There are 2 protein chains.
Amino acid sequence: MIKIRVQLLLFFSFVSSFAFAQNKVQKWEIFEFALQGPSEGNPYVGTTFSARFTNGDHVLDQEGFYDGNGTYIVRFMPDKEGAWNYVTSSNKSQLNGKKGTFECIKAAPTNHGPVRVSDKFHFKYEDGTAYYPFGTTIYEWPFQEESKKKQTIETLKSSPFNKARFLAVPPYKDRYIDGPNKLTIFPFEGTNKDNWDFSKFNPVYFKNLDSCVMELKKLGIEADIILFRPYDKGKWGFDTAGQEVNRSFARYMVARYAAFSNIWWSLANENSFIKNMSDEDWDDLFKLVQQKDPYHHLRSIHNADKIYDYTKPWVTHVSYQYYNVVKSPIGTAILRDIYGKPIVNDENNYEGDIDSRWGQLTGEEMTFRTWNAVIGGGYATHGESYKASPWISYGGTLIGTSPARIGFLRKIVESNPVGNLEPIDHFFENNMAGKEGEFYLIYFGKENLNKWDFVLPKKGLAKGAKYKADIIDTWNMTITPVAKTFEIIQMPGNNYKFIDKDNSSIKLPAKPYMALRIYKVADGEKVLNDGRHELE
Amino acid sequence: MIKIRVQLLLFFSFVSSFAFAQNKVQKWEIFEFALQGPSEGNPYVGTTFSARFTNGDHVLDQEGFYDGNGTYIVRFMPDKEGAWNYVTSSNKSQLNGKKGTFECIKAAPTNHGPVRVSDKFHFKYEDGTAYYPFGTTIYEWPFQEESKKKQTIETLKSSPFNKARFLAVPPYKDRYIDGPNKLTIFPFEGTNKDNWDFSKFNPVYFKNLDSCVMELKKLGIEADIILFRPYDKGKWGFDTAGQEVNRSFARYMVARYAAFSNIWWSLANENSFIKNMSDEDWDDLFKLVQQKDPYHHLRSIHNADKIYDYTKPWVTHVSYQYYNVVKSPIGTAILRDIYGKPIVNDENNYEGDIDSRWGQLTGEEMTFRTWNAVIGGGYATHGESYKASPWISYGGTLIGTSPARIGFLRKIVESNPVGNLEPIDHFFENNMAGKEGEFYLIYFGKENLNKWDFVLPKKGLAKGAKYKADIIDTWNMTITPVAKTFEIIQMPGNNYKFIDKDNSSIKLPAKPYMALRIYKVADGEKVLNDGRHELE
């Protein structure tokens, strides 16, 4: 007998995600059912359980997971409207051959589905809506007290961030051993490294993670969840349990979380600091996640000192840590050409004032590095590490100056008329992105220019085309239209540049962190491509 | 009967390479013998011919090549002193089972053997002598008139360059069709695309290449020979002959040139501009060269717009074209971490004044980009493209201002006390290379500093250690010792830096292109490594 299940939650409610009765489920929302099965022995090891879902000729296999107390759950994300039938498979008769059906209805306007790679270097939601990652980092937020978690969600609500990176397993820290933050629940059965049973998971621990992922989903925030981390300091042994435990943990995570449309799989943070794991181990875990996730959520891994080979086919995008890459737009543009995938600079140091130099950026520098990533044709992830408010660790409140500026940049990116921003003439230029001939976002970084001569690389340009320009103060968040309309001609004696026919410049305030936005308002003569090899 | 052969040459003499009678050959020099065999039919296709060379338990198989007029040649580079025996194998009785012997004697002091990858990111000669590539580019020099070739060799003699990149097959140009530079010999039999026989090579063409490679060898210059190129403009069809012709050409080149100790295999120039060849075709050619070359000379490929995956195992080093990489030291340091191989920036635009922007660098800019590559822990290759002296195309004379400065840099690199220069604290710093604690080369590029505060990253440093410094003017080529000796202490309140105990600075002339050379003269207290994860 299949009973539709109301899940117990620690502090958030699932109800909003089940706004429809479970016989009707929105596309890309969660359909979930539970069965009672054997609880004796070790259900995590001894029992296989999955369901095959069918909608016409569209078939998806979703593994189930054991949730304790004899309860077995299948959590499914329908990705096609219409009637779905399902039937379970198990090596236990109570869980085998159980059938059911439900109807997948139209997604709500705010529900765009999972994020996918689009146009090689960028992203889109599955419904085609544009998605530009402006993420933040809150590694340990799921493991804080209820009030802090609520505060984090409140902060995110009014933040510019649409992706959150966090750990599925906390780092070892004294605060989790003693005092108010003492952890009483862990991913495995047991209370400390002397009595872990790595063959048994702890459902209560994952119910908390369930609700954290769901709360982000409700806010439209992608959950860039990190499966493995090196921060164990030899205490708990979670990062030295061996590849078989790693595999079973990854498989349980995929069975439990793949149905959340906002999941991104981050195989690890700073993977090369886990010294007992090889690249082959990571390849193996990537392939396992790829095989078990019926919805093919995004997959990456976050490097430390040794850089994983992001060209491998199971990596969907680059999740980089390399601070110098974002010190100018050049770095991200190069990474695009090397990897041929979206570049997300997921750790660029953090705005803050802690003793460690990786947490000492000014708000200006954090904003500067984010702009550089975008002008390079990629993306960057925010982090904040003030002594007074260690957001990257525990969440809570944001007190830095960069989030507002990152929000300002996000508006500029999302409101641009050409969609994805690509580096322009990027083998020679290094401060402009947009679309040749149509739209140019030119960033001057730390230069203090008092003017910019109206000169653009020729590709896509044509004599007589007309352009308007806005002066952008990326720090003070102002956009000032330039009164003049610019009409372009080829630069005399230069085969590579176009200029304004009056040789005009745009006056700038001789301050750092200025940018220009230039957009076409009238076509010129037909463009001819001379097909020359620019690299010869 | 085996006769020791004296080869006819077009304009240079082989004699110097046979300073010893052929029964005695220097280690890493060339032992060559010829046999008379069938000339009817197509010897290039119908006849297999190779020799197995044995010295104790050291065995090398060297393919032979057909040289026309019934002459079959085996060209061998002994890499071990002592008695070598050889026996030929062929599907033709005249060429099969011929035996011989010779003695490999000690290499002359100037003869260091082939260049190998060393210390992951660098190079050494096989005898262990340091080799730092400071190359230049003379794509078409072998295809010019005799006097021009001689002039090129004379120019190289007095130049700072120890590697030359050039094409094995000329590009299609009008000059090679008509006038004094009209090419009368081609790599294949025939005179134009209507009558090429791609199944037959033209020995006269390769005899010229033989002598060009040998002349470079005599000068101690590595021959970075480019097997394939896209510059055919649809005229000769050399780049559209198909993979089987590509394979037979590569195999003939390896059989003919592998015995030259100074050969580097560059599979192609701007390979992605050869639109009818796939990455799989290049993989196939790499593997063929790797398999047929008994001496395992260096192998790379030079990219254009699409970057080949240099992590592939048959690539020994990175031969890059990406101008922005060398606009700061950051780029080369990142490429080291991505590829884990030596980085040679083989095309960084050229010093010159031609109409194409890739040939418009000032001498200052060419020198600047070369310094950036070195400070990034890699290397760069020079090129010069003045209208008055198109060195990169035809050789001849150098009229630019960068070669002298590159020679000055080469002396600094070769005379440094620590050997290979590695980027220092390179996740955070980006203008210093050397060896922590021992030697620092700090490059200020286009900055116009009037002083440099004596501050170094802590790794390898210890309280009380003493340092001396030289001020280097990289453009005017002066080295000025600083009178003071600096004694270091940890910077108060900073866990990452050491400073001079008197808080000293070094006065600089507020000009661009200045550098500092800092070296230890006395040890300090014992260094403790706190093992912190700098990337966390």
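Residue indices follow the written sequence of each chain, beginning from 1 at its first position. Written order decides the labels, with chains lettered from A and ligands numbered from 1. For this predicted model, a pLDDT threshold of at least 70 governs which residues receive local features, and a threshold of 80 or more governs which side-chain atom pairs are given and counted, while totals over whole chains, interfaces and linings are taken from all residues. Water and hydrogen atoms were dropped before computing side-chain values, which therefore reflect all heavy atoms in the structure.

- Where an unreviewed UniProt entry is consulted, chain A appears under the name DUF5060 domain-containing protein, with the organism given as Lacihabitans lacunae.

### Side note on the packing of aromatic side chains
Line of reasoning, step 1. The pairing test for Phe, Tyr and Trp rings, Trp by its six-membered ring, is centres within 6.5 Å, and the orientation test on the planes gives stacked under 30 degrees, edge-to-face over 60, and tilted for anything in between. Per the counting criterion, the structure on display carries 118 aromatic pairs over all chains.
Line of reasoning, step 2. Judged by centre distance (5.4 Å) and plane angle (35°), the rings of F123 of chain A and W264 of chain A are tilted. With F123 of chain A in strand β11 (residues 122–125) and W264 of chain A in strand β17 (residues 263–269), this pair connects stretches of sequence that are 141 residues apart.
Line of reasoning, step 3. Take W264 of chain A: its relative accessible area is 1%, and that puts it in the buried class.
Line of reasoning, step 4. As a reminder, the over-ring test applies to NZ of lysine and CZ of arginine, requiring each to be within 6 Å of the ring centre and within 35 degrees of the ring normal. Over the face of the ring belonging to F428 of chain B we find R357 of chain A, whose NZ or CZ atom lies 3.7 Å from the ring centre.
Line of reasoning, step 5. Looking at R336 of chain B, its charged tip hangs above the ring of F121 of chain B, at a distance of 3.9 Å from the centre. Only DSSP runs of H or I reaching four residues or more are called helices, and only runs of E reaching two or more are called strands; each is numbered from the N terminus. Three labels apply to residues, based on accessible area from a 1.4 Å probe with only protein chains included: buried if under 20% of the type maximum, exposed if over 50%, partly exposed otherwise in between.

### Looking at the pairing of strand β20 (residues 343–347) of chain A
Residues and elements named next belong to chain A.
Line of reasoning, step 1. Most of β20 is tucked away: five of the five residues are buried.
Line of reasoning, step 2. A pair of strands is treated as paired once DSSP finds two or more bridges between them. In this sheet, β20 lies alongside strand β19 (residues 318–321) in parallel orientation, the contact comprising four bridges. Note that in β20 the partner of S319 across the bridge is V344.
Line of reasoning, step 3. For the segment spanning β19, helix α6 (residues 330–339) and β20, crossover handedness is right-handed.
Line of reasoning, step 4. Direction of pairing for β20 relative to strand β22 (residues 379–382): parallel, over a ladder of two bridges. Its bridge partner being in β22, V344 is matched across the sheet by Y379. The crossover handedness rule: strands pointing away from the viewer, path from first strand over the helix to second strand clockwise, crossover right-handed.

### Brief notes about the sheet that holds strand β4 (residues 49–55) of chain B
Residue and element names in this part refer to chain B.
Line of reasoning, step 1. Pairing is mixed in the open sheet, where five strands are placed in the order β2-β9-β8-β4-β5. For this open sheet the edge positions go to β2 (24–26) and β5 (58–63), each flanked by a neighbour on one side alone. In this sheet, neighbouring strand axes are inclined to one another by 30° on average, regardless of whether the strands run parallel or antiparallel.
Line of reasoning, step 2. Sheet analysis places β4 next to strand β8 (residues 82–90), joined by six bridges and oriented antiparallel. Among the inter-strand pairings, A51 is bridged to a residue of β8, identified as T88. To get an axis, fit a line to the C-alpha atoms, keeping to the stretch in contact for a helix; angles then go from 0 to 180 degrees between the N-to-C directions.

### Description of the sheet that holds strand β5 (residues 58–63) of chain A
Residue and element names in this part refer to chain A.
Line of reasoning, step 1. What the five strands build is an open sheet, ordered β2-β9-β8-β4-β5; its pairing is mixed. Single-partner strands in this sheet number two, and they are β2 (24–26) and β5. Put simply, the sheet's adjacent strands are angled 30° from each other on average, direction ignored.
Line of reasoning, step 2. Here six bridges tie strand β8 (residues 82–90) to strand β9 (residues 99–105), and the two strands are oriented antiparallel to one another. Following the sheet pairing, V87 is matched in β9 by K99.

### Some points on the interface of chain B and chain A
Accessible area lost when the parts come together is the quantity often used to give the size of an interface.
Line of reasoning, step 1. Contacts between chain B and chain A engage 40 residues on the former and 40 residues on the latter.
Line of reasoning, step 2. The term buried area means the drop in 1.4 Å probe accessible area that two parts suffer when joined, counted for both and summed. Summed over both sides, the interface between chain B and chain A buries roughly 3800 Å², with carbon and sulfur atoms accounting for 57% of that surface.
Line of reasoning, step 3. In this structure, the salt-bridge partner of R357 of chain B is D425 of chain A, at a minimum N-O distance of 2.7 Å.
Line of reasoning, step 4. Here a polar contact is recorded for every N or O atom pair within 3.5 Å, except that within protein the pair must consist of a potential hydrogen donor and a potential acceptor, and residues adjacent in sequence are included only if both atoms are side-chain atoms. In this structure, the connection of chain B to chain A is made through 13 residue pairs in polar contact (both at pLDDT 80 or more).
Line of reasoning, step 5. For the side of chain B that touches chain A, the elements supplying multiple residues, two or more each, are β19 (318–321) and α6 (330–339) of chain B.
Line of reasoning, step 6. Asp, Glu, Lys and Arg are counted as charged, while Ala, Val, Leu, Ile, Met, Phe, Trp, Tyr, Cys and Pro are counted as nonpolar; the rest, among them Gly, fall into the polar class. Here the residues of the side of chain B that touches chain A are counted per class, giving 19 nonpolar, eight polar and 13 charged. Note on definitions: a residue-residue contact is assigned when non-hydrogen atoms from the two residues lie within 4.5 Å. Salt bridges are defined as contacts in which a side-chain nitrogen from Lys or Arg sits within 4 Å of a carboxyl oxygen from Asp or Glu.

### Thoughts on the packing of helix α3 (residues 203–218) of chain B against helix α4 (residues 243–257) of chain B
Residue and element names in this part refer to chain B.
Line of reasoning, step 1. Their axes nearest at 11 Å, the elements α3 and α4 cross at an angle of 50°. As summarised for this structure, α3 and α4 are arranged oblique, according to the angle between their axes. The way α3 lies across α4 gives a crossing that is right-handed. Contact with α3, carried on its side by P203, F206, K207, L209, D210 and V213, involves F249, Y252, M253, R256 and Y257 of α4 and no other residues of that element.
Line of reasoning, step 2. Here the residues of the contact of α3 with α4 are counted per class, giving eight nonpolar, no polar and three charged. Oblique is the label for every angle not falling under 35 degrees (roughly parallel), over 145 degrees (roughly antiparallel), or within 65 to 115 degrees (roughly perpendicular). Throughout, a crossing is termed right-handed when the near helix is turned clockwise from the far one, and left-handed when it is turned anticlockwise from it by less than a right angle.

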